[in-house]
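Structural features, examined
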Amino acid sequence: MLAFVTGCAGLQSAPVRFDRLSDCPKQTADELSAKQSQLGPFSDTHTLECALTVLRDSQDIALLRTSLGSRLCLHLAERETNPEKRAKLAAEGVELAEAALTHKGEDEGAVHYYLAANLGLAVREHITVAMKNLDRLESEMKQALALSPDIDDGGPMRLLGALYLKAPAWPNGIGDLDKALELLEKAVKKHPGHPLNHLFYAQALWSEGDEALLSQVKAEFALGEKLLADGNWGHNKAAWKKEFDAFRQELADAASAPP
Amino acid sequence: MRKTCLIIATLLASISANAAPNPEMIVVCYPGGLVNAKDANEAMSSMLRVVERVGQWQQNSFISLFTAKADECRQRMAEKHPKFAITSLGLYLELRSQHNLVPVVQPKIKGLTHERYRVMVQKGKYKSLDDLKGKTLGGTVLEEQSYIGKIVFAGKYDPASFFVLKKSNQAIRALRALDKGELDAVILNEQQFGGLGSLHLEKPLEAVFTSEEIPLMGVVANSATTTAEERVRFSKALEGMCADTEGKKLCELFGVEAFAAVDPAVFEPMVKLWAKGG
């Protein structure tokens, strides 16, 4: 299976086995296709595992050419606390997206988006693997941005902006604060209702290291935090809260550091 | 030099004691870089764990303390009194007497253990460094003005009085400003100069100044708190790193071919230049 993931160096790929599969409802590929829009952050984990199991065994081209498989893997990976299982689920999400692209997926922008999101998750624990996949990540995110810029509340802008923010800067890598600021400001303006757009934009502004921007950093952070607290974000809420907490701590550490 | 800093920090773990209930602090200074300290420490930690496993050292024997600010580096060195540190050449020269610092190991990049600095301008706009008197000069390396004046310009130009300095924590932003004509010149280190080909700037650039060869700085040790044996052990560990299967991946990733034990004579001319600069 690993060989199938061309271009994604060093991903560990082996399907994660799920428990209680005997409790899954009998579903055909058609039935799964019909309800795919209902599967997401509000679905319970067992439901997602059952759906992924159906998809794994399916030969239905119409189903395999969608972004569903990759999206299911992403949701499951984001909920997984075991780093090894998380990486495997995300790697499977990359594979399924690759398979969808070979079948000329109809929602190609979404497929590239979930491919990039899974790839980012799969490599994040391993710096050498992550560095080798930076160009691939950028390429997939750029394609998602070109084809479906507004999917997932500006997800391609948010992810690509975050990539430019976090990656090693030139000349060592593709990191580019100017590009990050441009994309994340755009994400905030076009999709002001998503908490992570505000969090990532706050982080980019913070990276400027300019005291004059501190009030704007805090305002963006507070707005994102309020959106997270007030909104119904399903299973995403807990993971996103950790990201907010980590940045709040970073701001607090900087405030308490000696001048 | 960030990559070098990070990999050296990782490799430093391999000389730690077999049992280390209290991890040894490694101060890592990367003045002028756009680096999030949290991310940098996480990256170094990842690499430290690999080295500990490969070298059969106890996990978490060392921890890193990273800063991209020269002032903070001075402060951390004074507070933590680290046995080993990773500093820029400028900070080494400044702090060597105060902290009894001795160079231990140098990285070798593209076959070289030295680099040159260059002042870049839009092609044809200025003929020499003297033409840039009173003009704007940008660059990340300006975080260390004394070093640039005393070592890079060999005491012939005082950056603060000769140029209008525009410090930046991003080389790429400074180069874009140069491309647009918002800056008159940008000073680059070897790694930045080598990366120019990957940028898509509209105006061609040329160097109006190229420094003499300046040794790459790596790891330094406090000679008062480390023994000669510790320093040799440390140096040997690093020298063997890039030949190790796992270590080789890290070395390749960071573009370092090898680590070489320091010949103290290499740094003597720098020490003299620094002293001459007052």
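Not measured: the values here are computed from a predicted model.

Here the focus is the overall build of chain B. If you tally the helices and strands in chain B, you get 11 helices and 13 strands. Buried positions account for 52% of the 278 residues belonging to chain B. Of all intrachain contacts in chain B linking residues separated by at least 6 positions in sequence, the fraction that spans at least 24 positions is 82%. On chain B, roughly 12100 Å² of surface is accessible, and the fraction owed to carbon and sulfur atoms is 49%.

Here the focus is helix α3 (residues 70-80) of chain B. Residues and elements named next belong to chain B. Of all the residues in α3, the buried ones are Ala-70, Cys-73, Arg-76 and Met-77. Projected onto a plane normal to the axis of α3, the buried residues spread over an arc of 115° and lie on a single side. Residues of α3 that are buried sit in contact with β1 (24-29), β2 (62-67), β3 (84-86), α4 (89-95) and β4 (101-108). Looking one or two residues beyond α3, the residue adopting positive phi is His-81, at roughly 45°.

As a further point, take the confidence of the model for chain A. With 93% of its residues at a pLDDT of 70 or more, chain A has an overall mean of 90. The low-confidence segment residues 1-7 of chain A (pLDDT under 50) makes 16 contacts with residues lying over four places distant or belonging to another chain.

Inspection of every chain in the model, using the stated rule, returns 11 aromatic pairs over all chains. For the pair Tyr-113 of chain A and Tyr-114 of chain A, a centre-to-centre distance of 5.0 Å together with 65° between the ring planes defines the contact as edge-to-face. For Tyr-114 of chain A, a relative accessible area of 10% gives the class buried. These aromatic residues form a ring-pair network of at least three members: Phe-153, Tyr-157, Phe-162, Phe-163 and Phe-209 of chain B. One cation-aromatic arrangement involves Arg-118 of chain B over Phe-193 of chain B; the distance from NZ or CZ to the ring centre is 4.0 Å. Lys-150 of chain B extends its terminal NZ or CZ atom over the ring of Trp-274 of chain B, reaching a point 4.1 Å from the ring centre.

Let's shift gears to the state of the cysteines. A complete count under the given rule lists two disulfides over all chains for this structure. Note that Cys-24 of chain A is cross-linked by a disulfide to Cys-50 of chain A, the S-S spacing being 1.9 Å. One quick way to see it: the torsion about the S-S bond of Cys-24 of chain A and Cys-50 of chain A is about -80°, and its sign makes the bridge left-handed. Placement of Cys-24 of chain A in the segment before α1 (29-34) and of Cys-50 of chain A in helix α2 (residues 45-57) is noted, with a sequence separation of 26 residues between them. With its sulfur 1.9 Å from that of its partner, Cys-29 of chain B forms a disulfide with Cys-73 of chain B. Residues Cys-29 of chain B and Cys-73 of chain B share a disulfide whose torsion about the S-S bond is about 75°; that sign makes it right-handed. In this pair, Cys-29 of chain B sits in strand β1 while Cys-73 of chain B sits in helix α3, placing the two residues 44 residues apart along the sequence. Like Cys-29 of chain B, the residue Cys-73 of chain B is buried in the burial classification.

Our focus in this paragraph is the side chain of His-46 of chain A. Along the chain, the position of His-46 of chain A falls in helix α2. Here His-46 of chain A falls in the buried class, since its relative accessible area comes to 14%.

Let us now look at the pairing of strand β6 (residues 118-122) of chain B. Residues and elements named next belong to chain B. The buried fraction of β6 is high, at five of five residues. The sheet contact formed by β6 and strand β9 (residues 185-188) spans three bridges and is antiparallel. Counted as the bridge partner of Val-119 is Ile-187 from β9. Direction of pairing for β6 relative to strand β10 (residues 205-210): antiparallel, over a ladder of five bridges. Paired with Gln-122 across the strands is Leu-205, a residue of β10.

Residues and elements named next belong to chain A. In this model, helix α5 (residues 83-102) (20 residues) spans 29 Å end to end at C-alpha, consistent with the 28 Å of a helix rising 1.5 Å per residue. Most of α5 is tucked away: 15 of the 20 residues are buried. Structurally, the start of α5 carries an N-cap: the backbone nitrogen of Glu-84 is 2.8 Å from a side-chain oxygen of Asn-82. One or two positions beyond α5, positive phi appears at Lys-104, with a value near 60°.

Residue and element names in this part refer to chain A. Running from N to C, helix α8 (residues 134-147) and helix α9 (residues 151-166) cross one another at 155°; their axes reach a closest spacing of 9 Å. By the angle class used here, α8 and α9 are roughly antiparallel. Crossing angle aside, the handedness with which α8 passes α9 is left-handed. Taking contact as the criterion, the partners of Leu-134, Leu-137, Glu-138, Met-141, Lys-142, Ala-144 and Leu-145 in α8 are, on α9, Pro-156, Met-157, Leu-159, Leu-160, Leu-163 and Tyr-164. For the contact of α8 with α9, the per-class residue count stands at 11 nonpolar, no polar and two charged.

This part covers the environment of Arg-96 of chain B. Residues and elements named next belong to chain B. Tracing the backbone through its elements, the reader meets Arg-96 in the loop between α4 and β4. Distance from Arg-96 to Ala-221, taken between C-alpha atoms, is 9.6 Å for residues 125 residues apart in sequence. Setting aside its immediate chain neighbours within four residues, Arg-96 contacts Leu-101 and Val-271.

Attention shifts here to the pattern of salt bridges. Residue and element names in this part refer to chain B. For the coordinates displayed, the defined rule picks out 25 salt bridges over all chains. In this structure, the salt-bridge partner of Arg-118 is Glu-190, at a minimum N-O distance of 3.5 Å. Here Arg-118, found in strand β6, pairs with Glu-190, found in helix α8 (residues 190-194); they are 72 residues apart in sequence, far enough to count as distant. The exposure class assigned to Glu-190 is partly exposed, which follows from its relative accessible area of 26%.

The rules we used
- Residues numbered from 1 in each chain as written.
- Chains lettered and ligands numbered in written order.
- Predicted model: local features only at pLDDT ≥ 70, side-chain atom pairs only at ≥ 80, totals over all residues.
- Heavy atoms only, no water.
- Helix = DSSP H or I, 4+ residues; strand = E, 2+ residues; numbered from the N terminus.
- Buried < 20%, exposed > 50% of the residue type's maximum accessible area, 1.4 Å probe, protein only.
- Contact = heavy atoms within 4.5 Å.
- Areas by Shrake-Rupley, 256 points an atom, 1.4 Å probe, with all protein chains shown as cover.
- Arc of directions from axis to C-beta.
- pLDDT = per-residue confidence, 0-100.
- Phe/Tyr/Trp six-rings, centres within 6.5 Å; stacked < 30°, edge-to-face > 60°.
- Lys NZ or Arg CZ within 6 Å of the ring centre and 35° of its normal.
- Disulfide = S-S within 2.5 Å.
- Pairing = 2+ DSSP bridges.
- Expected span 1.5 Å × (residues − 1).
- Polar contact = N/O pair within 3.5 Å; in protein donor to acceptor, adjacent residues only side chain to side chain.
- Axes fitted to C-alpha atoms, helices over the stretch in contact; angles between N-to-C directions.
- Parallel < 35°, antiparallel > 145°, perpendicular 65-115°, else oblique.
- Left-handed = near helix turned anticlockwise from the far one by under 90°.
- Nonpolar A, V, L, I, M, F, W, Y, C, P; charged D, E, K, R; others polar.
- Salt bridge = Lys/Arg side-chain N within 4 Å of Asp/Glu carboxyl O.

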